[in-house]
Amino acid sequence: MYFPLFDTHTHFDVPDFDPDRKELAQQAKAAGVERLILIGFTESRFSDLIATQHELNLLNNAPLSYLAPGLHPVYIEQHKPEHLQRLEQILKQESCIAVGEIGLDTFLPQYKQPELYQKQKHYFIEQLTLAKVYHKPVLLHIRKAHADVLQILKQQRFQLGGIAHAFSGGIEEAKAFVQLGFKLGITGQITNPNAKKLHRVVAEVGVEHLVLETDCPDMTPLCCQQSNGQRTRNTPVNLPYVLQGLATSLGDDEASVAAKVWENSLNALRLTH
Ligand SMILES: [Zn+2]
């Protein structure tokens, strides 16, 4: 079955895809992926990110590709003040759909080091300010820092919404993000029956606040992983498996879930059609 799908979080610009990006883009389109977002993480990749978007949009029979530049919290040690200036320049010069991915991450102990965590907060706030100035939604990366992200969004009076990508929080946190106008990004993790917390969040929040993403080259759906346990590259071609997993989790049919998450994606990204 074919449903129009929106891959709201990809790193399809990274070198993992250099050998066959064009073929994969065309396969993704044939599988229903009408649109995708290319998301930033370090300033050093901004030129390639932009070049990839331009190249993809020159292809026939490929998804329409959007740009979301941003400085990722996990790469905090690499970010410099001039990278924020470069980000602003891109927001002025290019057609950008959002600022991303930005947020806070304390998953590993080293990220929690006070000085580094303070730097994460500083870059997060600076980028929220840019998003406000250029009137863009934001694509959030949050691991073990949901309360702090919520607090900063409120303090900064950020009202443009966006997507909390690869959502890993609990039910109360999920509801708080929805209340602030965010959709929750669902990855291939939903294909894992053992991802109990995620299934509970999905059941509680409901399809009206969810969007799909591959987060490629990571987060490969269970069905597409190699049995030898080696890391399998995820690609936008696998997005229909995420839809399938979400529909199964919700106990709903794929057609109605597809239609709803498409509409949610447009709303979260402030697209009219
Ligand atoms: Zn990402």
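This report concerns the structure included in the present document. Only a predicted model underlies this, so the values are computations on that prediction, with no experimental measurement involved.

Reading guide: rules and limits
- Residues numbered from 1 in each chain as written.
- Predicted model: local features only at pLDDT ≥ 70, side-chain atom pairs only at ≥ 80, totals over all residues.
- Heavy atoms only, no water.
- Salt bridge = Lys/Arg side-chain N within 4 Å of Asp/Glu carboxyl O.
- Buried < 20%, exposed > 50% of the residue type's maximum accessible area, 1.4 Å probe, protein only.
- Helix = DSSP H or I, 4+ residues; strand = E, 2+ residues; numbered from the N terminus.
- Patch = residues over 30% accessible without salt bridge, like charges linked within 9 Å, V, L, I, M, F, W, Y side chains within 5 Å.
- Areas by Shrake-Rupley, 256 points an atom, 1.4 Å probe, with all protein chains shown as cover.
- Lys, Arg positive; Asp, Glu negative; His and termini not counted.
- Charge placed at Lys NZ, Arg CZ, Asp CG, Glu CD.
- Donors = N, O, S within 2.8 Å, 3.2 Å for Na, K, Ca; no water.
- Pairing = 2+ DSSP bridges.
- Axes fitted to C-alpha atoms, helices over the stretch in contact; angles between N-to-C directions.
- Contact = heavy atoms within 4.5 Å.
- Polar contact = N/O pair within 3.5 Å; in protein donor to acceptor, adjacent residues only side chain to side chain.

### What to know about the pattern of salt bridges
For side chains of opposite charge, pairing can occur when their charged atoms come near one another. For the structure shown, the criterion picks out eight salt bridges. We note a salt bridge from D18 to R21, for which the minimum N-O separation is 2.7 Å. By relative accessible area, which is 10% here, R21 ends up buried. In this structure, the salt-bridge partner of K260 is E263, at a minimum N-O distance of 3.3 Å. Of this pair, K260 and E263 both sit in helix α9 (residues 254–268), three residues apart, which is roughly one turn of that helix. In this structure K260 comes out as partly exposed when scored by relative accessible area, which is 23%. One network of salt bridges, with partners in common, ties together D13, R45 and D48.

### Details of a positive patch on the surface
Side chains of K112, K144, K196, K197 and R200 sit close together on the surface and give a patch of like positive charge. For K144, the location among the structural elements is in the loop between β5 (138–143) and α5 (146–155).

### Digging into the coordination of the zinc ion
Within the protein, the atoms that donate to the zinc ion are H9 (NE2), H11 (NE2) and E101 (OE), at distances of 2.0 to 2.1 Å. In terms of primary sequence, the donors binding the zinc ion are separated according to H-x1-H-x89-E. Judged by its relative accessible area of 1%, H9 falls in the buried class. Its relative accessible area of 8% is what places H11 among the buried residues.

### Notes on the sheet that holds strand β2 (residues 33–39)
Within the open sheet, the three strands sit side by side as β1-β2-β3. Their pairing is parallel. Because the sheet does not close on itself, it has two edges, and the strands there are β1 (5–10) and β3 (64–68). Each strand axis lies, on average, 20° off the axis of its neighbour in the sheet, ignoring direction. Across four bridges, β1 lies against β2 in parallel orientation. Of the residues in β2, the one forming a bridge with F6 is R35. Against the sheet, helix α2 (residues 46–56) engages β2 and β3, with an angle of about 160° to β3.

### Concerning the side chain of H141
Its place among the elements puts H141 in strand β5. Given a relative accessible area of 9%, H141 falls into the buried group. In this structure the side chain of H141 is engaged in a polar contact, spanning 3.2 Å, whose partner is the side chain of E101. Polar contacts involving the side chain of H141 include one to the side chain of D105, which spans 2.7 Å.

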